[in-house]
Amino acid sequence: MRRVRRVAMGAAALLLGAFAVAAWAQSPSTSTSAATETATAASMAELGRSSLVGQGRELFETSCSSCHGFEGKGVKGQGPSLLDAGESAADFYLRTGRMPLDQVGDEPLRGEPRFDEKDIRALDAYVGSLGEGPAIPKVEPAKGSASEGMEMFTESCAGCHGIGGKGGVVIGGYAPPLGEATPTEIGEAIRVGPYLMPRFSEAQITPADVNSIARYVELTEHPEDAGGFGIGHIGPVPEGLVAWLAALAALLLVARLIGERAGDDRDDDEAEQPR
Amino acid sequence: MRARVLTVLGWVWRYALAALVLLFSHRRTVARERELPANTRAETWTASLLFAAALAGLAFVAIYAFDDADTQLLGLSIAVALALVAAGLILAASLVVPQETLEECRPAFADPTEEEEDVEDAALTLREGVDGVTRRRLLKAAGGAAGVGLGTAALAPLASLGPAVGDRLGASPWKDGVRLVEENGMPVKAADLEIGSFLTAFAEGADKEQLATSLAVVRVKPDELELPEDRAGWAPEGILAFSKICTHAQCAISLFRYPLFAERSPGPALVCPCHYSTFDVLDGGERIFGPAVRPLPQLPLRIEDGFLVAAGPFSGAVGASWGKVKEEG
Amino acid sequence: MPLTTRRVLRTVESRTGGASPLTKALRYVFPDHWTFLFGEIAMYTFLILVATGTYLALFFEPSTAHVIYHGAYAPLRGQEMTKAYASAVNLSFEVQAGLLIRQVHHWAADVFLAAITIHLMRIFFTGAFRKPRDVNYYVGLTMLVLAVLEGYVGYSLLDDLLSGMGLAIGNGVALSLPVVGGQLGVLLWGGRFPGAGDFFSRLFFVHVFLFPVLIGSLMAVHLALIARPHHTQFRGRGRSERNVVGTPMWPAYALRSLGLFFAVAAVLFALGGLVQINPIWQWGPYEPYLGTNGAQPDWYLGWLIGALRLMPHFDVVIGNYTLIPNPFWGGVLFPGAVFGFLYLWPTIERRWTGDRRIHNLLDRPRDNPIRTAIGAAVFTLVATVFFAGAADRAFVQFGVPYEDQLWGYRALTILLPVLVFFVTRRICRRLRASGEHPGRGSGAVMVRRSAAGGFEQLDPEHGGETADS
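Small disclaimer: the values here were computed from a predicted structure and weren't measured.

What counts, and where the lines are drawn
Residues numbered from 1 in each chain as written. Chains lettered and ligands numbered in written order. Predicted model: local features only at pLDDT ≥ 70, side-chain atom pairs only at ≥ 80, totals over all residues. Helix = DSSP H or I, 4+ residues; strand = E, 2+ residues; numbered from the N terminus. Contact = placed C-beta atoms within 7 Å. Rg over C-alpha atoms; globule rule 2.2 N^0.38 Å. Buried ≥ 20, exposed ≤ 12 C-beta atoms within 10 Å, placed from the backbone. Pairing = 2+ DSSP bridges. Nonpolar A, V, L, I, M, F, W, Y, C, P; charged D, E, K, R; others polar. Axes fitted to C-alpha atoms, helices over the stretch in contact; angles between N-to-C directions. Parallel < 35°, antiparallel > 145°, perpendicular 65-115°, else oblique. Left-handed = near helix turned anticlockwise from the far one by under 90°. pLDDT = per-residue confidence, 0-100. Core = buried A, V, L, I, M, F, W, Y, C linked by C-beta atoms within 7 Å.

Enquirer: Would you explain the overall build of chain C in this entry?
Expert: The secondary structure content of chain C amounts to 16 helices and ten strands. Taking the principal axes of its C-alpha atoms as reference, chain C extends roughly 90 × 70 × 40 Å. Put simply, of all contacts in chain C between residues at least 6 apart along the chain, 71% involve residues at least 24 apart.

Put into structure tokens, the structure is as follows:
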């Protein structure tokens, strides 16, 4: 049933796409940064962006609309509306490979992105064009403070992700480790609140705060291990393993070296007879 | 025939002798085997190991003298020194010094017959100590009473370790009109909280470390709320406040899950990281998973000039349960 | 013998009359078996704990006063914390060799409890707790309880995020004692959690003086109660209930034992320098309103976090009031039952077997299949609950859903000990009959000579013994 619909939508999208391409055949199709803007450049950018949005729409129709609905309006029981998701949400989910989901109802987990850079940008632009959702944030960890970042992370993030950013259980889900998260992804997640994660407004966690949090997360990837080998940075569980499997095992070997064993003394044969 | 008799006699004689020797060799050690290694190679090794250990020990001191000595180098040097000493000693113990196996008799105090005699002696000696004492029971009772009295007196000051429970475990700064503030002391603006947001807040002017002071403030969509009737107005604009302290064993509840797509995800809940007690926020903090029993106490809120203010005390006792804590229905 | 030795001995003899006891001590016989060294490993670890602990106590400030950190570790700069935490961070970063000693101390604590555990297992499975050593067994068990508490208090002193959460739970468990819990919690903490201003100096005193003195004194009693009846030994040629065969103290045993001490020290200092433990600067300071996911206690309390997580959610309520709050089951009843079993076992065994004789010869585990099977079952129960405590890390590592693990572990805590009991009993009987070494397997075959003169092979399952013991 779904397949038929997808094929039909795909066919429709193709037709639309073909029409769009024909209509915009003259314009350049690369997006430009907002840095330099003359009047012509502005209109060129407009056109470029529109074409990016158009490409995004194409991709969306084929890959996303079966769950997120026509024009991102959402499908009841399948996928949420993306009208106010913003390019930030699309970017986060697509770059981290969390979307598309293999099966509706699965927890979105990090994986290989299914789209390449060009397509991601197109889809971002399209989803961003659907409503008033947040734009992709500019996160600069170097401008943040590790110390403030640690405090804020402890208060708002460590409960799920662990103070060392190694992830953990959330009843009903999984708070992933943050080792692979780029600063931009961190900034996006904070605003979007993906899957079960809470979300934070700019009033609650300002862009400067985001810089600090990202800086702290970077630190957790290369923590200060003044004490030696960090054994995973997750605390007493690996420490206990080392105490038993390294220290005690070594000492048992020494004890065996020093002490006598039951079989060593030939005269002990008597001891092994059944009684 | 003669040979056999002599053999038997010899056997009997040997065992009798052995029995006599064993019976009367009380606590005497009899050497059984003794081996003199006379192993110059082992001796050389031992000496070398111990000299090397000395050098390693000095290395530790040298590294220590450096500014900002690396913990790893310090540890390694001293560990090597200790290991070398250990190796030298263990080597010496098996290959340098005489190897002996000795046999020794155990003291016979646990032997039933010996035990009885000694016990009798001791009991008799004790009993002799109260010869001539006439009113033994009276004196015993008096001694016992003195012991109890003074013992109680000795233990009494322990009570000063802490106050009487009284209202201490129920103390709370929250009542109608107390403003919510963030960790930096700034009052909490309702508009700053997005739907799906999570914030730790405190009572203005109260000690942040006090258990009842801290709150987990979350915001949900107003139409999601399923609060009981008597709490109808407790969550203005969908903003809910609960005690931050878990009712199981008092850890801070620091996980909040809010679904981006409610139709296919678990509902909004606060979760405790210690034993994963989970509390549903939409129905006022009922426990839905984990070992906690009592629901999470909810604080009624109202919005005054855009700021969040308490509209009354908590719905239940904060922190872990204990004897005087009422279970709510 | 050099003259100086004689002079020293003369001095000792004329002041104390100690020459003769000294000779006795030098000739004191130690039976040799490598498993008899477990207790020594624990003892030497304790010595290192005291030595390193003394050093640490000279630097640590057990104060709950708040300060702003301005020290060497940048990510903590500007953060508010207690002086206790700050002094521990300073010790780690600004005192030469401070971090080394701190880590050695913490590793030693973990290893101390591991050594006591295998020592206890050796005592239990060889029946060394039987008369006349039952009192000594109680002394040892008491030291174990004290050691667990001592370790808990010790790592909680640092007031870091992880151990602070542990203290909150400890208070919750204290409160959960029926009737007296409320007053007990308030008494120990000097008020409601997080406690009065002097709470940390109270903990400090307990950790630095009270418990070490108790453990040290009990250890002296423990050694005396070993020395007096002499150490147990395994059966063997020339060994009986009335003698001890082994190595004399001087020179071989003393050197070996001293060598073991240095080996223990070497392992602990190697770990202390090379493998990081409890990096408190990565956890940050504790506040009662802060928490982190994945917080775990040190390994020897893992069985309690497992129990607290596994116990289903019920209190005992009278009318409207809580009589027995939930943390009681996992935090008090469970460890109480396990230690109760351990304390009562010598009595239970004595009643069951009717054996009130003294025993200086040890059983091999196989020689008492019931005891070994019961011990193995109880150990399995504790181990299962212990592993359940780390289910959240197992989820992150291996992806098995946490909720499913909980149910799985609950089933295992009931089924696995029963299974282990029967399997262990069977293995013991099989080993006894066949005479095999469990690790090596002799390939020997049991034969019995029949009256007719031929040999018949015995079935290891059923041959060679009459009744179970």
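Enquirer: What should I look at first to understand the overall build of chain B in this one?
Expert: Scanning chain B for helices and strands turns up five helices and 13 strands. Relative to a compact globule of 329 residues, whose C-alpha radius of gyration would be 20 Å, chain B shows 39 Å and is clearly more extended. Each of the three principal axes of chain B carries a C-alpha extent, and together these read 120 × 75 × 55 Å. Per-residue burial over chain B gives 38% buried out of 329 residues. Restricting to contacts in chain B with at least 6 residues of sequence separation, those with at least 24 account for 57%.

Enquirer: Would you take a moment to explain the pairing of strand β10 (residues 286-289) of chain B for this structure?
Expert: Along any regular strand the residues' side chains alternate between the sheet's two faces. All names here are of chain B. The pairing of strand β9 (residues 278-280) with β10 spans three bridges and is antiparallel. The residue of β10 that forms the bridge with Phe279 is Arg287. Between β9 and β10, which follow one another and run antiparallel, lie five residues, and Gly284 among them has a positive phi close to 90°.

Enquirer: Could you clarify how one ought to interpret the interface of chain B and chain C in this entry?
Expert: Counting from both sides, the interface comprises 68 residues of chain B and, opposite them, 79 residues of chain C. Of all the secondary-structure elements, those providing two or more residues to the side of chain B that touches chain C are α3 (71-95) and β2 (99-105) of chain B. The element best represented in the side of chain B that touches chain C is α3(B), accounting for 15 residues. By the bridge criterion, four bridges tie β2(B) to strand β5 (residues 243-248) of chain C in an arrangement that is antiparallel. Bridge pairing in β5(C) links Leu102(B) to Gly246(C).

Enquirer: Which parts of the structure should I look at to understand the interface of chain C and chain A?
Expert: Many structure descriptions define interface size as the accessible area lost when the parts assemble. Across the boundary between the two partners, chain C contributes 68 residues, which contact 59 residues of chain A. If you list the elements that add at least two residues to the side of chain C that touches chain A, you get α4 (83-94), α5 (98-125), α7 (161-175), α10 (249-274), α11 (280-283), α15 (391-398) and α16 (402-434) of chain C. With nine residues, α10(C) is the largest single contributor of residues to the side of chain C that touches chain A. When the residues that make up the side of chain C that touches chain A are grouped by side-chain class, the tally is 36 nonpolar, 21 polar and eleven charged.

Enquirer: Just to check I follow, could you spell out the sheet that holds strand β5 (residues 215-219) of chain B for this structure?
Expert: Within a sheet, neighbouring strands are paired by backbone hydrogen bonds and run either parallel or antiparallel to one another. Residue and element names in this part refer to chain B. The antiparallel open sheet is built from five strands, whose spatial order is β3-β4-β5-β6-β11. On the outer flanks of this sheet lie β3 (180-181) and β11 (298-299), each paired with one strand and no other. Summarising the sheet, β5 and strand β6 (residues 239-243) pair through five bridges and their orientation is antiparallel. Within β6, the position partnered with Ala216 by the bridge is Phe242.

Enquirer: In this structure, what is going on with α15(C)? I would like to understand it.
Expert: At 3.6 residues per turn, the α-helix brings residues three or four places apart onto the same side. When we look at burial in α15(C), the residues that qualify are Ala391(C), Asp392(C), Arg393(C) and Val396(C). Elements in contact with the buried residues of α15(C): β1 (168-170) and α10 (236-258) of chain A together with α14 (369-388) and α16 of chain C. Phi turns positive, to about 80°, at Gly399(C), one or two residues after α15(C).

Enquirer: Help me out: how do you make sense of the packing of α5(C) against helix α6 (residues 134-156) of chain C in this one?
Expert: Geometry of a packed helix pair, given as the angle between the helix axes and the separation of the axes. All names here are of chain C. Packing of α5 against α6 brings their axes to within 11 Å, and their N-to-C directions diverge by 155°. By the angle class used here, α5 and α6 are roughly antiparallel. Handedness of the crossing formed by α5 with α6: left-handed. Across from His106, Ala109, Phe112, Leu113, Ile116, Leu120 and Ile123 in α5, the residues of α6 making contact are Tyr137, Leu144, Ala147, Val148, Gly151, Gly154 and Tyr155. Of the residues assigned to the contact of α5 with α6, the class counts are eleven nonpolar, three polar and no charged.

Enquirer: How do you make sense of the confidence of the model for chain B when you look at a structure like this?
Expert: As a note on interpretation, predicted positions should not be read in detail where pLDDT is low. Per-residue pLDDT for chain B has a mean of 89; in total, 92% of the residues score no lower than 70. Long-range and interchain partners of residues 24-29 of chain B, a stretch whose pLDDT sits below 50, account for eleven contacts in this model, where long-range means more than four residues apart.

Enquirer: Is there a simple way to explain the environment of Asp363(C) in this structure?
Expert: All names here are of chain C. Summarising the element assignment, Asp363 is placed in the loop between β8 (361-362) and α14. On a C-alpha basis, the gap between Asp363 and Ala128 in space is 8.0 Å, while along the polypeptide they are 235 residues apart. Residue contacts for Asp363: discarding those within four places in its chain leaves Thr126, Gly127 and Asn368.

Enquirer: Would you mind showing me how to read the nonpolar core here?
Expert: Side chains of nonpolar character tend, in soluble globular proteins, to be buried together. In this structure, Leu82(B), Leu270(B), Phe112(C), Val264(C), Ala266(C) and Leu268(C) are the most contacted members of the largest nonpolar core, which totals 266 residues. With 17 residues, α5(C) is the single largest residue contributor to this core. Sequence-distant contacts of Leu82(B), that is, excluding residues within four places in its chain, are made with Phe262(C), Ala265(C), Ala266(C) and Phe269(C).

Enquirer: Would you take a moment to explain the sheet that holds strand β7 (residues 255-257) of chain B for this structure?
Expert: Residues and elements named next belong to chain B. Taken in spatial order, the four strands make up an open sheet running β7-β8-β9-β10, and their pairing is antiparallel. Either end of the sheet is taken by a strand with one partner, and the two such strands are β7 and β10. Across the sheet, the mean angle from the axis of one strand to that of its neighbour is 30°, orientation sign disregarded.

Enquirer: Can you walk me through unusual backbone geometry in this structure?
Expert: Note: most residues except glycine have negative phi, and most peptide bonds are trans. The omega angle of the peptide bond from Met99(A) to Pro100(A) is 0°, so this bond is cis rather than trans. Among the secondary structure elements, Pro100(A) is positioned in the loop between α4 (86-95) and α5 (117-129). In this structure, Pro251(C) follows Trp250(C) across a cis peptide bond, with omega equal to 0°. By secondary structure assignment, the location of Pro251(C) is in helix α10. Positive phi, normally seen in glycine, also occurs at Gln250(B), with a value near 80°. Considering the arrangement of structural elements, one finds Gln250(B) in the loop between β6 and β7.

Enquirer: Looking at this structure, I do not really get the pairing of strand β7 (residues 321-324) of chain C. What am I missing?
Expert: Residues and elements named next belong to chain C. Where strand β6 (residues 316-318) meets β7, three bridges bridge the pair, whose relative direction is antiparallel. Following the sheet pairing, Ile318 is matched in β7 by Tyr321. Turn length for the β6-β7 hairpin, with the two strands adjacent in sequence and antiparallel, is two residues, and the turn residue Gly319 shows positive phi of about 65°.

Enquirer: Looking at this structure, I do not really get α4(A). What am I missing?
Expert: All names here are of chain A. For α4, a buried count of ten out of ten residues is recorded, marking the element as mostly surrounded by other parts of the structure. For α4, the complete set of buried residues consists of Gly86, Glu87, Ser88, Ala89, Ala90, Asp91, Phe92, Tyr93, Leu94 and Arg95. Looking at the buried side of α4, the elements it contacts are α5 and α8 (183-192). Backbone geometry just after α4 places Gly97 at a positive phi near 70°.

Enquirer: What's the story with the environment of Gly166(C) in this structure? I'm lost.
Expert: Residues and elements named next belong to chain C. Mapped onto the elements, Gly166 comes out in helix α7. Under the C-beta neighbour-count criterion, Gly166 is labelled buried, with 26 such atoms within 10 Å. Between the C-alpha atoms of Gly166 and Ile305, which are 139 residues apart in sequence, the distance is 9.6 Å. Leaving out residues up to four positions away in the same chain, Gly166 has contacts with Ser156 and Pro297.

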